[in-house]
Amino acid sequence: IGVINYGMGNVFSVSKAIEYLGYDVKICNSQNELNGIKKIILPGVGAFEDCINKLKKKGFIDKLNDLVLKKKIPIYGICLGMQVMAKKSYEFGEFEGLAWIDSNVVPIKLNNPNHKIPHVGWNEVKINNKSPLFEGVAPNPLMYFVHSYHIKLNNKKRMDAYCYYESKITAAIRKENIFGTQFHPEKSQNLGLKVLENFIKWNP
């Protein structure tokens with residue numbers, strides 16, 4: 001399992017979670033280190049523009065387009081790592097994403113003064129489709145979120161799960177060999193680890 005290290009994201013905690021599950025993990029600091037990898041994890045914490053720029057600078061974008069779109073290697077984007085799969089983000093401006101998923105990244109809008117941005121902490125997740133990535137996960141699991149922006153899908157069939165934070169927020173997406181969650185599986189205890197393990201075993 002290759003975890004991409006482009007300078008943003010919980011690379012260490014994601015890697016430790018994979019090791020805890022009993023699988024081999026390789027932290028990939030350059031695009032060449034992705035050669036021979038069977039599954040890819042793209043973690044992410046921070047701002048969209050920084051993420052895309054760092055991926056470009058390290059040469060990951062062309063490599064990922066080749067591996068994911070042409071060779072159909074399964075990939076799991078976590079939090080910001082999922083958001084960069086969208087066409088565009090409106091976080092601090094307007095920025096182009098990887099455009100793997102027909103969607104845009106937009107701010108969470110709140111009216112209730114008791115709700116805060118960023119959306120941080122545990123939230124109940126509703127599993128939308130019969131998703132292989134949530135197999136064996138209890139209904140309405142609590143997962144850990146940290147974000148101020150969310151993916152707005154143009155094709156709702158891509159939504160594997162959602163949560164409510166005053167409005168409906170995409171919690172998981174899936175398209176062919178591409179999977180992503182807004183929540184952090186590595187911080188979501190046993191149920192999050194189950195989602196991570198399901199991805200590792202997934203054969204789309």
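Bear in mind the structure is a predicted one, so any value in this text is a computation, not a measurement.

Asks: Whenever I open this one, helix H3 (residues 60–70) confuses me. Can you help?
Replies: For the α-helix, the turn length of 3.6 residues means that residues three or four positions removed from each other point alike. For H3, the set of buried residues is Phe60, Ile61, Lys63, Leu64, Leu67 and Val68. The arc enclosing the buried residues of H3, seen along the axis, measures out at 160°, which places them on a common side. H3 presents Asp62 and Lys70 as exposed residues on the side facing more than 90 degrees away from its buried surface. Looking at the buried residues of H3, the elements they touch are strand S1 (2–4), strand S2 (26–28), strand S3 (40–42), helix H2 (48–57), strand S4 (75–78) and strand S13 (178–181). One or two positions beyond H3, positive phi appears at Lys72, with a value near 60°.

Asks: Which parts of the structure should I look at to understand the pattern of salt bridges?
Replies: When the charged atoms of two side chains with opposite charge come close together, those side chains can pair. If you walk through the whole model with that rule in mind, you get eight salt bridges. The salt bridge involving Glu19 is made with Lys16; its shortest N-O contact spans 3.4 Å. Here Glu19 and its partner Lys16 are both found in helix H1 (residues 11–20), three residues apart, which amounts to about one turn of the helix. A relative accessible area of 42% means that Glu19 is categorised as partly exposed. Accessibility expressed as a relative area gives 43% for Lys16, which makes it partly exposed. Among the ionic pairs, Lys87 bridges to Asp102, the shortest N-O distance being 3.3 Å. Of this pair, Lys87 sits in the loop between helix H4 (80–83) and strand S5 (88–89) while Asp102 is found in the loop between strand S6 (95–96) and strand S7 (103–107), placing the two residues 15 residues apart along the sequence. On the basis of relative accessible area, Lys87 is assigned to the partly exposed category, the value being 40%. The exposure class of Asp102 is partly exposed, given its relative accessible area of 34%.

Asks: Hey, could you run me through the environment of Lys201 in this one?
Replies: Its location among the elements puts Lys201 in helix H5 (residues 189–201). Note: C-alpha distance between Lys201 and Lys39 (162 residues apart in sequence) is 9.4 Å. Setting aside anything within four residues of it in sequence, one finds Lys201 in contact with Tyr23 and Lys39.

Asks: I'm lost on the packing of H1 against H5 in this one. Help?
Replies: The relative placement of two packed helices is expressed as an angle between their axes plus a distance between the axes. At their nearest, the axes of H1 and H5 sit 10 Å apart, and the two run at 75° to each other. Here H1 lies roughly perpendicular to H5, going by the angle between them. Here Ala17, Ile18 and Tyr20 of H1 come into contact with H5, specifically with Leu193, Leu196 and Ile200. Class assignment of the residues belonging to the contact of H1 with H5 gives a composition of six nonpolar, no polar and no charged.

Asks: Just checking my understanding: could you explain the state of the cysteines for this structure?
Replies: One covalent bond between the sulfur atoms of two cysteine residues makes up a disulfide. On inspection of all chains with the given rule, the structure shows zero disulfides. Summary of cysteine pairing: Cys79 is not part of a disulfide, and the nearest cysteine sulfur, belonging to Cys51, is at 10 Å. Cys79 provides the cysteine sulfur closest to Cys163, a residue in no disulfide bond, and the two sulfurs are 12 Å apart. By relative accessible area, Cys163 is classed as buried at 0%.

Asks: Which parts of the structure should I look at to understand the packing of aromatic side chains?
Replies: For any pair of aromatic rings, the description consists of the separation of the ring centres together with the inter-plane angle of the planes. Evaluation of the coordinates by the stated rule reveals ten aromatic pairs. Each ring, one from Tyr76 and one from Phe179, has its centre 4.8 Å from the other, and the planes form 55°; the classification is tilted. Taken together, the residues span a long stretch of sequence, with Tyr76 in strand S4 and Phe179 in strand S13 at a distance of 103 residues. Each member of the pair Tyr76 and Phe179 is classed as buried. Of note, Lys39 hangs over the ring of Phe199, and the distance from its end group to the ring centre comes to 5.8 Å.

Asks: Would you explain the sheet that holds S5 in this entry?
Replies: Strand pairing in a sheet relies on backbone hydrogen bonds. The paired strands run either parallel or antiparallel. An order of S6-S5-S7-S10 is seen for the four strands of this open sheet, with the pairing classed as mixed. Each edge of the open sheet is held by one strand with a lone partner, namely S6 and strand S10 (149–153). Relative to S7, S5 is paired through two bridges, and the arrangement is parallel. When the bridges of S7 are listed, Ser89 appears paired with Val105.

Rules behind the numbers
Note on numbering: residues in each chain are counted from 1, in written sequence order. Only residues with pLDDT of at least 70 are given local features in this predicted model, and only at 80 or more are side-chain atom pairs given and counted; all residues enter the totals for whole chains, interfaces and linings. Working from all heavy atoms in the structure, the side-chain values ignore hydrogens and water. Buried means the residue's accessible area, taken with a 1.4 Å probe over protein chains only, is under 20% of the maximum for its type, while exposed means over 50%, and partly exposed covers the values in between. Secondary structure elements follow DSSP: runs of H or I of four or more residues count as helices, runs of E of two or more count as strands, with numbering from the N terminus. The arc in question is traced by the directions running from the helix axis to the C-beta atoms. In this description, contact between two residues means that some pair of their heavy atoms is separated by no more than 4.5 Å. In what follows, salt bridge is the name for a side-chain nitrogen of Lys or Arg lying within 4 Å of a carboxyl oxygen of Asp or Glu. Between N-to-C directions, angles span 0 to 180 degrees; the directions come from axes that are lines fitted to C-alpha atoms, helices contributing only their stretch in contact. Should an angle fall under 35 degrees it is taken as roughly parallel, and over 145 as roughly antiparallel, whereas 65 to 115 is taken as roughly perpendicular and any remaining angle as oblique. Note on residue categories: nonpolar means Ala, Val, Leu, Ile, Met, Phe, Trp, Tyr, Cys or Pro, charged means Asp, Glu, Lys or Arg, and polar means any other residue, Gly included. Two cysteine sulfur atoms form a disulfide, by the criterion used here, when they sit within 2.5 Å. To pair, rings of Phe, Tyr and Trp, with the six-membered ring standing in for Trp, must have centres within 6.5 Å; the planes then decide the type, stacked if under 30 degrees apart, edge-to-face if over 60, and tilted in the middle. Ring-over charges, as used throughout, are those where CZ of Arg or NZ of Lys falls within 6 Å of the ring centre and within 35 degrees of the ring normal. Pairing between two strands requires that DSSP report at least two bridges joining them.

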